[in-house]
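# Descriptive analysis of the structure
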Amino acid sequence: MTEPPEQNPEQSPERNPDRKARRSAARHSAPYSPPDSPPDSPRPLTGGPDPGPTDPAPARLLSAHGLVFACPFDVPGMAPAPPGARADVTARLGAVAPAALARAPLAGDCRILGPGRVAIEDAAFRALIEEGARITIDPSPAAGPGAGAGFGPQAARLLLGYGASAVLLHQRGGLPLHAAAVALPRGAALLLGPAGAGKSTLAAALGGMGFAMLADDLTALDDRAPGGPLVQPAIGTVKLWPDSARALGGPGARVPVEGMSKQILRTRENAPAPAALRAIVVLDWLHPPEAAPETSEMNRIEALDALRGAIQRPALARALGREGEILARLAALAGRIPALRLARPRRYGAMPEVAKLIADCIIGDAS
């Protein structure tokens, strides 16, 4: 594996902490234009008027985060749902009035429109998410600099694969975490850490070594599964900084998104099976670069603190009255699943040793 030049993420222009404020609609500007789509193909994501509830476009059943989505369009990276599956969530194109959003109270970057009704918006869309079961997507651009782009496949990926799914999981009583996850032979490892800790990079590197990458950025935990906590597979893409994408992505694997600091790598076509959670791994950096990776055990309080910091959309969790319930469930996980702190150097050549350390932790727990 070719090692890129070492770079301090605090100084890198590609990892500027103000990047979100400078995102524009350009990252979503390429609408779907499939050539000569047959009449029964999914609706392309080109915006337009509200199709209405009797829209003849057939729904495509797609799966991610333990949910089955009925969508009138394709979502890159979302795997087809298993045969015989029934939809948990229905997505449709429709109108979402901007005036209603402007009057609604904020919970982080979400707007609370009423019981069971949450809205999110971006430069390329507004979306209303209701009762954990319905998503109405308005392709009309949100107000702001750079508005005017169409709702393209990248917007669909980011909305349904990440933003809307986190809201849906909260509404449905799930555990959405800001984490990556990878399946090793004895079970899944949950990768935690603050922004810039390398969660996605490590998960993608382990995926390139033959392990199944389960999730990136948004990980859905099923802590109430009969056999123990499960990690649900997410969409088959990973968002990486350009330096990591160059090191880990093969030819044709990278999907640059104009106006977005990160790049998207396709990691798989079909979703792996849910995997039993066997380890919580909290990532840290180790200096100097030639140092060997090392691990240390974490106690229950330390593990709970790391899990609490990983709650997706914590302001929304508070607004929905879920904070206490989520903390109680995370405390149970912290007392049940072994946790370790993994410090590793900033070099891709250390990845095999890092993978062995994580696998040894899981094997040791299972023995």
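For every chain, the first residue of the written sequence is number 1, and numbering continues from 1 along that sequence. Only residues with pLDDT of at least 70 get local features here, since the model is predicted, and only at 80 or more are side-chain atom pairs given and counted; chain-wide, interface and lining totals rely on the full set of residues. As a rule here, side-chain values cover all heavy atoms of the structure and leave hydrogens and water aside.

## Here's the deal with the overall build of the chain
So the rule is basically this: Each helix is a run of DSSP H or I of at least 4 residues and each strand a run of E of at least 2, with the numbering of both proceeding from the N terminus. Partly exposed describes any residue whose relative accessible area lies between the buried limit of under 20% and the exposed limit of over 50%, with all areas from a 1.4 Å probe on protein chains only and scaled to the type maximum. Computed by Shrake-Rupley with a 1.4 Å probe, the accessible areas treat only the displayed protein chains as cover when residues are assessed.
From N to C terminus, the chain includes 8 helices and 21 strands. Here the chain, with 367 residues, has 51% of them falling under the buried criterion. Carbon and sulfur atoms make up 52% of the accessible area of the chain, which amounts to about 16200 Å² in all.

## A closer look at the sheet that holds strand E3 (residues 79-80)
Hydrogen bonding along the main chain pairs the strands of a sheet, whether they run parallel or antiparallel. Using the following cut-off: In this description, strands pair whenever DSSP reports at least two bridges between them.
Taken in spatial order, the 9 strands make up an open sheet running E3-E1-E2-E4-E9-E8-E7-E6-E5, and their pairing is mixed. In this open sheet, the two strands that pair with only one neighbour each are E3 and strand E5 (106-107). Pairing geometry for strand E1 (residues 60-64) and E3, over 2 bridges, is antiparallel. Along E3, the bridge assignment pairs Leu62 with Pro80.

## Observations regarding the nonpolar core
To be explicit about the condition: Remark: nonpolar core denotes a set of buried residues (Ala, Val, Leu, Ile, Met, Phe, Trp, Tyr, Cys) joined through side-chain atoms within 4.5 Å. The split into domains, and so the bounds of each, comes from an automatic or database assignment of domains.
Within the largest apolar cluster, 36 residues are counted, with the highest numbers of intra-cluster contacts made by Ile135, Leu159 and Leu160. For this core, the secondary-structure elements that each account for two or more residues are E1, strand E2 (67-71), strand E4 (89-93), strand E7 (117-122), strand E8 (125-130), strand E9 (134-138), helix H2 (153-171) and strand E14 (218-222). The biggest single contributor to this core is H2, with 11 residues. No fewer than three residues from each of domain 1 (60-172) and domain 2 (176-365) sit in this core. By size, the runner-up hydrophobic cluster in this structure holds 30 residues, among which are Leu177, Leu221, Val231 and Ala317.

## Observations regarding the packing of aromatic side chains
Condition: Think of it this way: a Phe, Tyr or Trp ring, Trp meaning its six-membered ring, pairs with another when their centres are within 6.5 Å, and the plane angle makes it stacked under 30 degrees, edge-to-face over 60, tilted otherwise. Criterion for a charge above a ring: Lys NZ or Arg CZ within 6 Å of the ring centre, and within 35 degrees of the ring normal.
Within this structure, the stated rule accounts for 0 aromatic pairs. Above the face of the Trp285 ring, Arg344 is positioned so that its terminal group lies 4.0 Å from the ring centre. Seen from the ring of Trp285, Arg346 lies directly overhead, with NZ or CZ sitting 4.0 Å from the centre.

## So, the pairing of E8
Along a regular strand, successive side chains alternate from one face of the sheet to the other. The element E8 is extensively covered by neighbouring structure, given that 6 of its 6 residues are classed as buried. Burial of the side chains of E8 extends over both faces: Phe125, Ala127 and Ile129 are buried on one face and Arg126, Leu128 and Glu130 on the other. Inspection of the sheet shows E7 paired to E8 by 6 bridges, in the antiparallel sense. Looking at E8, one finds that Val118 is bridged to Ile129. Connecting the antiparallel pair E7 and E8 is a turn made up of 2 residues.

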